[in-house]
Every structure is written in structure tokens, then in C-alpha cells.
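Chain residues, written in single-letter form:
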Amino acid sequence: MARQFANKAPLIVGSLAAASAAFAGVLPEDRADALYHRYQGGGITISGPSVLVRKKIGEQFSVSANYYVDMVSSASIDVVSTASPYSERRTQYSLGVDYLRGKSTWSVGYINSAESDYKAKTIYFGVSQDMFGDLTTVSFGFRRGQNDVLRNINTAQGKINDPAFAREAATRAFSVGVTQVLTRRLLGSLNYELITDEGFLNSPYRSDRFADPTAPTGFRYESEVYPATHTSHAVAARLKYSLPWWRASVDGQYRFFTDSWNIKSNTLQLGYTHPLGRSWILDASARYYQQTQASFYADLFPRANAQNFRSRDKELATYDAITVGLGASWEFRIQRAPWLDRGTLNLRVDHMMINYDNFRDVTKGPRGGQEPLYKLNSNIIEFYISAWY
Amino acid sequence: MRPARYLVLLVLALPVLTACAPIEPWVKPYEREKLADPIMAFERNPVSGSYLDHVFESREGARGASGSAGGGCGCN
Amino acid sequence: MNFHQYRSLSLAVLAACVLLVPGRATEAAADARGPAPEFKLPLRGGKDLSLSQLRGQVVMLNFWASWCGPCRQEMPLLESIQKKYKPLGFTMVGVNVEPDSAQAEKFLQQTPVSFPVAFDRSSSVSKLFRVKGMPSTVIVDRNGNTRMIHQGYKPGDENVYLDQIRSLLRE
């Protein structure tokens, strides 16, 4: 079940890589961040640290390293319906190097994510180029991941990897983006990402259910079966505007997603950033996400083995979600530490509300197919300290 | 996905176009004060941003296209 | 188009980028044209400065802003150049390009300089010198002719400035 999070682990790369090539003519600033994160919702709690350190070496290189942990304690709806609560720990290390040459920044990096039943290794490469008088930045990115999927079983010795189960999955991604300075106050950006996975793409623990009149609950479970390939396209447009009336910025993003599993989704996000006085910055954001289901998804199949590919993973269902967030950042300087340019203390809270259109809450009975639709509310907290040196 | 193909080809052609058709920038380097403001950065706090991206991508069917490079002071 | 086709095309374009989009920061004497344009700007401290007043000295104009990282990084080096070469007939002139000088004043209080700083609040002088990057440095000889234009600042660039200044002082 930790797989659900682990198989998306390499994606954290995308943002880190993009952020590292953020200023094509200037290397990213030297900084260190120590974050405590905590997600709580639907019976799962995932928390842990994320520590990032970035330093320039000479005038042309910037290196960064990140240590990230997810400590999962889960009694989620999937787990409670079909198994028993568990805990898991996923550890991720990443290393990146950025090289600045003229108006180009070249980036390369490696990410290693490991938990007891899933190991993911990813490498990425990116280039970012300024042109047209530094008004336009064009970026390319390539990513390649190799994952090992294992399955834990309970034995007299405790939980071990099932020696009879070892699968693999591979990912390749290509991304291209253009950022354009539109006016003195307006920035625009267009991004496209193509991702292809092949191999064992589902969870070895998860099941789908089918109607069975002979069963007391009206249904029985069977192992899910996924296609061996998954190709997806995402296109996103973004605008960021500096307000003329007071110092503040507004941000709007829209992303359209479609894939070979027939999922289509729309994401719309709005944000507002408002500095207060000399030390405070406040952020507010609202995000709306909507998706239609994968072709092989169903909450309840009509019978056993109803289709070649079958899943009851709620991530593939039809649903929409609203997430609202608030953040506050306080800047400080320490006189006795001249090596420290400045530091910030930050707190951010997000609340996510998901309403599933076709995933039912099996824990609330009565019989197969008539349970209420599932609603998942969760809280996400981030507390972090940042330092620039 | 056909429209994506054209978009990508257009973007890939940009660097080649630069060399052939120099355009005068309409926002001069000395007019980038607002763009250089940290609150105008697409990603002001990368560790927080990538964590939230991870939270969403772990729970959604969609993935990708969440980063942006560029903007800023345009210095050097 | 599949992943492999995108990749091959991107790599071809990457090669084009590296070959066709150079980042030449300095225009040599041959490219810089003739007499430097005359201008008059208010100085920090009250008076006015016109470029013609400085005829007879080697002048280095540095276009900078408080919001520009490399500009801030360069400032102490410009101050040391000023201190060393002022007695030999040289003067540095900082031209601040911000419409509102408050942030610039704040920066100069923390990083004081002894050379004149002029405020180009309406960007007229920036336009006159066709400033193409931040920071920009223009070196003018004793006869008022532009001899070098340099864009950006990376540590080590001061050697380029010093070479030019020394050869102009010898003229």
C-alpha cells in the first residue's frame, strides 16, 4: 500500500529539477531548508522531514542534496477494507548539479527512493536557455526511472519480502517548457510533459471487487490487473502578475491531462502572495481538480474476471477535489552570524476535500453497490525553516 | 496527442529562430524591477512546492507539467 | 510522436542552441561606436552631473539596480577600482536605473561608495546607451569616446575592466 506513494516518488524530481534551472542566466541561490511535513486524512498519517542544501561551487556550478522521509501509518479505506493497519517508512535521497554557461543552465541529478517493498532509482537531465533579450526561457527535461516492485508477506520471522514476487517498472519522461516575460509585471509559462511507464504498474496488495450474490456482503475481492504500459500527456499554462496597487502577486495555472488509460483531468489553481511589513509574507491558494475515470476502473464489477484489466484504485476513479491553503513566512537576520544573509520561519496549512463520483465507502455497508460514495478530507501541514548564506 | 506535437515542435524551433531573427526586447533589462521581486518567482520555496506536488500526484491520476523555469531579474 | 522522436529532436535543437546562441558579454573597441552620448543626471548628494564635465578623465559608467544580484556583488569591486585609479585620472560613475531611489539609497547606506552615483529615474540615459543587460558597464576614454561595453557581472570580469582602464590611462 505504501506503493501508492512510492510509485509516484520520482515525480518529486520534476519540481526540484525545474526549480534548479529556475534562472537560466544566474545560478540558484545558496540555501538550506529543513521541513517537517504531515499529511492526515482518510485514516492515513504520513509525516517526516525534508532537508535540502544547495551551494555554489565556484561561479559555474551549483550542487544540491535532498533527504526526504515519509513515515506512513495507515488504516486507509483500502487497507481497512481488505487488510489490517500497517506502518511503513520511505526514504529518498537526491543529488543534483547545475552548470551555468553563458545563458544556458545544464542540470543533471539522481534520486533514490527506498521502502521495504518498493525501490525507485531515477536520473534526470535538463537544459534551460535564455533568449530574446532574456525575455524567453526555453527548457527541456529528460527523466529515466527504474523501479523494483516487491511484496511483503507476514511470516513467523515477521514481515519479509515474498521471495516469489519480484517485478520491475520503468519510466521515461520528456518535458519542454517556455517561460515568457509578457510585460514588466506579467510572466507567462507553457509546459508540456510526456511520461511513459512500462512493467508492473499496480499495487501487489490492492484488489478490485465483483458482485457475487452468494457472498454475505454481496461481493468478493480479486487481484487487480493493470495494463503493462501507461503513456500520459500533460499541458499546463501559467500566468503570474505583479499588482500595480500594492506590492503583491497573483498566480493562475491550468493543466489539462490525458493518458492511454483514458483518464482526462483538469486542474485549476489560483494563488495570492502578499508581503506585510518588512518581515512577513502571506500566501493563499485555491485548487480545483477534476478527473474522469480510467477505462478499466470500476467500483464493483459485475462478475469475476469481468475484463482483462481491472482496478478499484480510487486514484483512477471519477471525482473532483478542492484544496485550499494558507501560508505565512517570517524573515529574520542574526547579527552574530554574518555568514547568514537571512533566514525565514514558515508555516503552511492546506485542506483537501475529495468527493468521489464512483468510489464507494465499503466500511459503511449495507450491501455491494449501495454503500455511500466516499468523501476524503485531509489536512496537510508544513513547518520549515530556510536559511540563505 | 496532435496539438501537443505542434506545440513542442514550435518550442524546439525557438532557439533556431533566435539566431535568424533578432527581436528587440520590449521589456528592457532595466525595467525588470517587479519581475526580480522574490514574490514573482514561480517557485519561491522549492522544498515546500515539490512536497505539495508529491502529495497531489500521489492521490490523483494526473501527473506532470508542474514546474516552470525563467522570469526573474534577467541579469548577466 | 513518441518519446524517442522527441528526444532526438530536442538533442538536435540543443546542439543548435550551443552553437547558435552565444553569450558574448563584451563588445570590443571595434564594435563600440564613437563619441559617448552627452547626458545630465541628478547626483546623490544634490548636485548634477554631465558627462562632458568629465572630459579629460577615463570614465567608467556602471548601470546598476538594488534588485540586481550581480550588481550588488560587483559594487565593492568598483569601489576598490575607484580608490586605486582616481589619482591617475579615472572616475567611476554609478548610474542607478530605478524609478524610485529609496531601495538604492538603502543599499548604499549598507555598502557605501566614494564615487558619484547618478539617478536615471526616467531611464533616459539607459535608453541613450542602449543598455542590454544588468549590470552594464561602459568605459569612455579621455576624449569622450566609448571604448568598451560589457554586460553582466561574473567574478573575474573586473580583470577585463582593469585591462581596458590601464590601457586608456596610458593614452
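Residues numbered from 1 in each chain as written. Chains lettered and ligands numbered in written order. Predicted model: local features only at pLDDT ≥ 70, side-chain atom pairs only at ≥ 80, totals over all residues.

### Side note on the overall build of chain C
Within chain C one finds five helices and eight strands. Reading chain C from its N end, one meets helices and strands in the order α-β-β-β-β-α-β-α-β-α-β-β-α. By residue count, 35% of the 171 residues in chain C fall in the buried class. A sequence separation of at least 24 residues applies to 70% of the contacts in chain C between residues at least 6 apart. (Helix = DSSP H or I, 4+ residues; strand = E, 2+ residues; numbered from the N terminus. Buried ≥ 20, exposed ≤ 12 C-beta atoms within 10 Å, placed from the backbone. Contact = placed C-beta atoms within 7 Å.)

### Structural notes on the overall build of chain A
Scanning chain A from N- to C-terminus turns up three helices and 18 strands. On C-alpha atoms alone, chain A measures out to a radius of gyration of 23 Å, which is about the 21 Å that the 2.2 N^0.38 rule sets for 389 residues. Sorting the 389 residues of chain A into buried and exposed places 45% on the buried side. In chain A, the proportion of contacts linking residues at least 24 apart, taken out of those at least 6 apart, comes to 60%. (Rg over C-alpha atoms; globule rule 2.2 N^0.38 Å.)

### A closer look at helix H2 (residues 69-85) of chain C
All names here are of chain C. Taking 1.5 Å of rise per residue, the 17 residues of H2 would be expected to cover 24 Å, and the 25 Å separating its terminal C-alpha atoms lies within 8% of that figure. The sharpest bend along H2 reaches about 35° and sits at methionine 75, with the proline proline 76 one to four residues further on. Among the residues of H2, those classed as buried are Pro70, Cys71, Glu74, Met75 and Leu78. Summarising the contacts, the buried residues of H2 are in contact with strand S4 (58-64) and strand S5 (90-96). (Expected span 1.5 Å × (residues − 1). Bend = angle between axes of the 7 residues up to and from the residue.)

### Concerning the environment of Met134(C)
Relative to the helices and strands, Met134(C) is located in the loop between helix H4 (124-128) and strand S7 (136-140). In sequence terms Met134(C) and Asn62(C) are 72 residues apart; their C-alpha atoms lie 9.5 Å from each other. With sequence-adjacent residues up to four places away left out, Met134(C) is seen in contact with Pro29(B), Tyr30(B), Cys73(B), Gly74(B), Cys75(B), Ala65(C), Cys68(C) and Cys71(C).

### Quick notes on the nonpolar core
Generally speaking, a soluble globular protein has its nonpolar side chains buried in company with each other. Ranked by size, the top nonpolar core spans 48 residues in total, and within it Leu61(C), Ala65(C) and Cys68(C) carry the most contacts. At the level of elements, S4, H2, S5, strand S6 (117-119), S7, strand S8 (146-151) and helix H5 (157-170) of chain C are the ones that each hand at least two residues to this core. The greatest single-element share of this core, amounting to six residues, is contributed by S4(C). Residues Leu35(A), Ile354(A), Leu52(B) and Val55(B) belong to the second largest nonpolar core, which totals 31 residues. (Core = buried A, V, L, I, M, F, W, Y, C linked by C-beta atoms within 7 Å.)

### A closer look at the pairing of strand S4 (residues 86-101) of chain A
Residue and element names in this part refer to chain A. With 14 bridges joining them, strand S3 (residues 61-74) and S4 adopt antiparallel strand pairing. Directly across from valine 69, in S4, lies its bridge partner threonine 91. Connecting S4 to the antiparallel partner strand S5 (residues 104-115) that follows it, the hairpin turn spans two residues, and glycine 102 within it adopts a positive phi of roughly 65°. (Pairing = 2+ DSSP bridges.)

### Re the packing of H2(C) against H5(C)
Residue and element names in this part refer to chain C. The N-to-C vectors of H2 and H5 enclose an angle of 20°; their axes lie 12 Å apart at closest approach. With respect to each other, H2 and H5 are oriented roughly parallel. Note on packing geometry: the crossing formed by H2 with H5 is right-handed. Residue-level inspection shows Leu77, Ile81 and Tyr85 of H2 in contact with H5, the latter providing Glu158, Tyr161, Leu162, Ile165 and Leu169. Of the residues belonging to the contact of H2 with H5, the class tally is seven nonpolar, no polar and one charged. (Axes fitted to C-alpha atoms, helices over the stretch in contact; angles between N-to-C directions. Parallel < 35°, antiparallel > 145°, perpendicular 65-115°, else oblique. Left-handed = near helix turned anticlockwise from the far one by under 90°. Nonpolar A, V, L, I, M, F, W, Y, C, P; charged D, E, K, R; others polar.)

### Topic: the interface of chain A and chain B
Chain A puts 78 residues into the contact, and the matching count from chain B is 50 residues. Tallying contributions element by element places strand S12 (residues 229-242) of chain A first for the side of chain A that touches chain B, with eight residues. Taken together, the residues that form the side of chain A that touches chain B break down as 37 nonpolar, 28 polar and 13 charged.

### Some details on the confidence of the model for chain C
Residues and elements named next belong to chain C. Overall, the predicted model of chain C reaches an average pLDDT of 87, with 88% of residues at or above 70. Across chain C, S6 holds the top mean pLDDT of 97, while strand S1 (residues 26-27) sits lowest at 56. Across the whole predicted complex the pTM is 0.89, and at the interface the ipTM reaches 0.91. (pLDDT = per-residue confidence, 0-100.)

### Side note on the interface of chain A and chain C
With 14 residues of chain A at the contact, the number on the chain C side is 12 residues. Only strand S6 (118-131), strand S7 (136-155), strand S8 (158-183) and strand S9 (186-199) of chain A provide two or more residues apiece to the side of chain A that touches chain C. Broken down by class, the residue content of the side of chain A that touches chain C amounts to seven nonpolar, four polar and three charged.

### Looking at unusual backbone geometry
In this chain, Met134(C) is followed by Pro135(C) through a cis amide linkage whose omega measures -10°. The topology assignment puts Pro135(C) in the loop between H4 and S7. In this model, Phe132(A) sits at a positive phi of 55°, which is unusual for a non-glycine residue. Mapped onto the secondary structure, Phe132(A) falls in the loop between S6 and S7. The class of Phe132(A) is partly exposed, set by 19 C-beta atoms lying within 10 Å. Phi at Asn262(A) is positive, roughly 80°, even though this residue is not glycine. Within the secondary structure layout, Asn262(A) lies in the loop between strand S13 (249-259) and strand S14 (264-276). Asn262(A) gets classed as partly exposed once you count the C-beta atoms within 10 Å, which come to 14.

### Topic: H5(C)
Residues and elements named next belong to chain C. The end-to-end C-alpha separation of H5 is 21 Å, in line with the 20 Å expected for 14 residues at 1.5 Å each. Buried within H5 we find Asp157, Tyr161, Gln164, Ile165 and Leu168. Along H5, the residues classed as buried sweep out an arc of 100° about the axis, all on the same side. Along H5, the residues that are exposed and aim more than 90 degrees away from the buried face are Asn159, Asp163 and Arg170. Where H5 is buried, its residues contact S4, H2, S5, S7 and S8. (Arc of directions from axis to C-beta.)

### Focus: the pairing of S7(A)
Residues and elements named next belong to chain A. Bridge count between S6 and S7: 14 bridges; the pairing is antiparallel. Residue pairing across strands places isoleucine 123 opposite arginine 144, the latter belonging to S7. Taking the residues between adjacent antiparallel strands as the criterion, S6 and S7 are bridged by four residues, where phenylalanine 132 takes a positive phi near 55°. Sheet topology places S7 next to S8; 19 bridges connect them, and they run antiparallel. The partner of threonine 137 across the bridge, within S8, is threonine 179. As consecutive antiparallel partners, S7 and S8 are separated by two residues.

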